[in-house]
Amino acid sequence: MVTPLDRSGTPEGSLMATLDRPSADERTRVAVIADPHLSTEETGTSKLFDRTETHVANAVADIAERDVDATLCVGDITKDGEPWNFDRFDELAADLDAPFYSIPGNHDVPKEGYDHENLPMAEFEARYTPDGQGVPFHVAVGGIDVIGVNTAGTEDWHYDSHAGTVPADQLEELDAMLADADTPLVLAHHNLPAMSEQVHEHRELAEPDMFVPPEMDDPEPFVETLERHDAPLLLTGHLHMPSAAAQRSVRELMMPTTCSFPQGYCLVEIGPEGTEVRFVPVADFDEMVVGHRERSTDSVTARGLTAMAATRLAQFPLVEE
């Protein structure tokens, strides 16, 4: 197994962000995994499918030593929602001591054109939401309220698109959950417009031929709901890089991908003084170089996203409050 971190150096990982909010009287630490895209049968591509099991195993082994209150995933556990890939992920995640909760990503839910049967959303919710309550969900973790939202779809909505949205019925539930939450930490797979705009800006500056990954449809009601309840932090995935943005008063941090460059996860610690977010790699130096090479040479879009990820790593910490 690759040692995910040289513990003679910085055992807490690289500082990605410090935030005034959220804060909590009870110090709480969660691990956050994004976009594992675990695949037991595929190889290659910028997602490094043949290495995804190793990356998940490395993340689990490292998280198990971190004394976390929970491990959270912001979606895309699997390549494309295959039941056997969920099963393998569960085998690896069984070594986690603390609870594991996840929201679905666009590659976890049924989509038009797949040539296999997906894990049904009811089964996803039974496995990965607190007490099988479904999505959106609300669970107390230490001194915080973790609230998970499904932006990716189900068999019944967004079946023909990889874009994101939060339907009206889910917004109603989210509104009630936020009203009951003292210290909300919100999870969503897709990004708010201010984060997506960073891809448009990079395309204009450096990669005019790159494709912009699917974005959120009609994000305003979601933003308004978060803003109305003064939700201090939204954690997302989807674009496979660490980044930060603010949509009006809503702070968004995008979690880096576990599967490909920069191959890592985040530790989020919330205490009386605020929130600290650290990036922890799950691959050694040689594997990180391979990840960068494979992702940056896969396509114009992958090259652009890899350049964005490398730039943001060089700018750590991304936010200091």
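Numbering of residues starts from 1 in every chain and runs along the sequence as written. Totals for whole chains, interfaces and linings use every residue, but because this is a predicted model, local features are given only for residues with pLDDT of at least 70 and side-chain atom pairs only at 80 or more, for both listing and counting. In computing side-chain properties, one takes all heavy atoms of the structure into account and sets aside hydrogens as well as water.

Enquirer: Kindly report on the sheet that holds strand 3 (residues 70-73), identifying the contributing residues and their values.
Expert: Strand order in the open sheet formed by seven strands is 4-3-2-11-12-1-13, and the pairing between neighbours is mixed. Edge positions in the open sheet fall to strand 4 (100-102) and strand 13 (319-320), since each of these has one partner strand only. The pairing criterion is simple: DSSP has to find at least two bridges between the two strands. In this description a helix means any DSSP run of H or I spanning at least four residues, a strand means any run of E spanning at least two, and both kinds are numbered starting from the N terminus. Note: strand 3 against strand 4, three bridges, orientation parallel. Bridge pairing links Thr71 to Phe100 in strand 4.

Enquirer: Give me the lowdown on unusual backbone geometry, citing residues and values where you can.
Expert: Residue Pro136 is reached from Val135 by a cis peptide bond, and omega for that bond is 10 degrees. Its place among the elements puts Pro136 in the loop between helix 3 (121-128) and strand 5 (137-141). The residue Asp230 is not glycine, and still its phi comes out positive at about 55 degrees. Tracing the chain through its elements places Asp230 in the loop between helix 6 (220-228) and strand 8 (234-236). Phi is positive for Arg248, which is not a glycine, with a value near 55 degrees. Residue placement: Arg248 occurs in the loop between strand 9 (243-247) and strand 10 (250-254). Only protein chains enter the calculation, and the probe is 1.4 Å; a residue is then buried if its accessible area is under 20% of its type maximum, exposed if over 50%, and partly exposed in between. With relative accessibility at 46%, the residue Arg248 sits in the partly exposed group.

Enquirer: Give me the side chain of Thr28: which residues, what numbers.
Expert: Among the structural elements, Thr28 can be located in strand 2 (residues 28-33). In this structure Thr28 comes out as buried when scored by relative accessible area, which is 1%. One polar contact links the side chain of Thr28 to the main-chain carbonyl oxygen of Glu26, over a distance of 3.0 Å. Under the rule applied, a polar contact is a pair of N or O atoms within 3.5 Å (in protein, one hydrogen donor and one hydrogen acceptor; residues adjacent in sequence only if both atoms are side-chain atoms).

Enquirer: Any details on the side chain of Arg312? Residues and values, ideally.
Expert: With respect to the helices, strands and loops of the structure, Arg312 is situated in helix 8 (residues 300-314). Charge counting treats Lys and Arg as positive and Asp and Glu as negative, with His and both chain ends excluded. Salt bridge, as used here: a side-chain nitrogen of Lys or Arg that lies within 4 Å of a carboxyl oxygen of Asp or Glu. Here Arg312 sits buried without a salt bridge, and the closest side chain of opposite charge, Glu201, lies 6.1 Å off (N-O distance). Whether two residues are in contact is decided by their heavy atoms, any of which lying within 4.5 Å being enough. The contacts of Arg312, once residues within four sequence positions are left out, are Gln198, Met241, Pro242, Ser243 and Leu318.

Enquirer: I'd like a rundown of the packing of aromatic side chains, residues and numbers included.
Expert: Here a pair means two rings of Phe, Tyr or Trp (six-membered ring of Trp) with centres within 6.5 Å. Their orientation is stacked below 30 degrees between planes, edge-to-face above 60, and tilted elsewhere. For the structure on display, the rule yields seven aromatic pairs. A ring pair is formed by Phe86 and Phe124, whose centres lie 5.9 Å apart and whose planes are at 80 degrees; its orientation type is edge-to-face. Here Phe124 lies in helix 3 and Phe86 lies in helix 2 (residues 83-93), a separation of 38 residues in the sequence. Overall, the relative accessible area of 0% leaves Phe86 in the buried class. Centre to centre, the rings of Phe89 and Phe100 are 5.3 Å apart; their planes meet at 50 degrees, and the pair counts as tilted. A residue pair is termed long-range when its members are at least 10 positions apart, and Phe89 in helix 2 and Phe100 in strand 4 qualify at eleven residues.

Enquirer: I'd like to hear about the pattern of salt bridges, residue by residue, with values.
Expert: Where charged atoms from two side chains of opposite charge come close, those side chains can pair. Scanning the entire structure with this criterion turns up 20 salt bridges. The residue Glu207 makes a salt bridge to Arg303 at a minimum N-O spacing of 2.7 Å. With Glu207 in the loop between helix 5 (193-205) and helix 6 and Arg303 in helix 8, this pair connects stretches of sequence that are 96 residues apart. The class of Arg303 is partly exposed, set by a relative accessible area of 38%. Of the charged contacts, one joins Glu227 and Arg248 as a salt bridge, the two residues approaching to 2.9 Å between their closest N and O atoms. Here Glu227 is found in helix 6, whereas its partner Arg248 is found in the loop between strand 9 and strand 10, with 21 residues between them in sequence. The exposure class of Glu227 is partly exposed, given its relative accessible area of 27%. Members of the salt-bridge network, linked through shared partners, are Arg27, Arg29, Glu269 and Glu273.

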